[in-house]
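Each chain is listed here by its residues.
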Amino acid sequence: MVAGAESTGTTTLSREPAAHLGTPRVPGYGRIHTGAELAAARALDPAADPDCPLWTVGDFRDAAVGSCQTVTTTWSSVLRTRLGTTQSSAG
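Being a predicted model, the structure only gives us computed values, none of them experimental.

I would appreciate a short explanation of the overall build of the protein in the present structure.
Helix and strand counts for the protein come out as 3 helices and 0 strands. Reading the protein from its N terminus to its C terminus gives the helix and strand order α-α-α. Here the C-alpha radius of gyration of the protein, 17 Å, is well above what a compact globule of 91 residues would show, namely 12 Å. Principal axes of the C-alpha set define a box for the protein whose edges measure 60 × 25 × 20 Å.

Which parts of the structure should I look at to understand helix 1 (residues 10-21)?
In an α-helix, one full turn covers 3.6 residues, which means residues spaced three or four apart are oriented alike. Here helix 1 contains 12 residues, and its C-alpha end-to-end distance of 17 Å stays within 8% of the 16 Å for a straight helix at 1.5 Å per residue. Those residues of helix 1 that sit buried are Thr10, Ser14 and Ala18. For helix 1, the arc enclosing every buried residue in end-on projection is 45°, short of the 170-degree limit, so these residues lie on one face. Exposed and oriented more than 90 degrees from the buried face of helix 1 are Thr12, Leu13, Arg15, Glu16, Ala19 and His20. Directly after helix 1, the chain includes Gly22, whose backbone phi takes a positive value near 70°.

Rules used in this analysis
- Residues numbered from 1 in each chain as written.
- Predicted model: local features only at pLDDT ≥ 70, side-chain atom pairs only at ≥ 80, totals over all residues.
- Heavy atoms only, no water.
- Helix = DSSP H or I, 4+ residues; strand = E, 2+ residues; numbered from the N terminus.
- Rg over C-alpha atoms; globule rule 2.2 N^0.38 Å.
- Expected span 1.5 Å × (residues − 1).
- Buried < 20%, exposed > 50% of the residue type's maximum accessible area, 1.4 Å probe, protein only.
- Arc of directions from axis to C-beta.

In structure tokens:
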């Protein structure tokens, strides 16, 4: 697992191992959360600075929960697919 804040190289670092292992690369949730925060800020002020979203403790919590949900959903799907394939070929 490669984890870190957005724009720190986690996407680049995760591509090769995921490809080598034949597993999906789960996109980072922090960037999704930041985009949602920026959209909310721009709803109030269309000139809101895209380079300066301020994260609160709650934002970090929301990003952690979102990341866990994204990983869980992705890997649940992978396991269902792989177990289904294994059961089909064995049966």
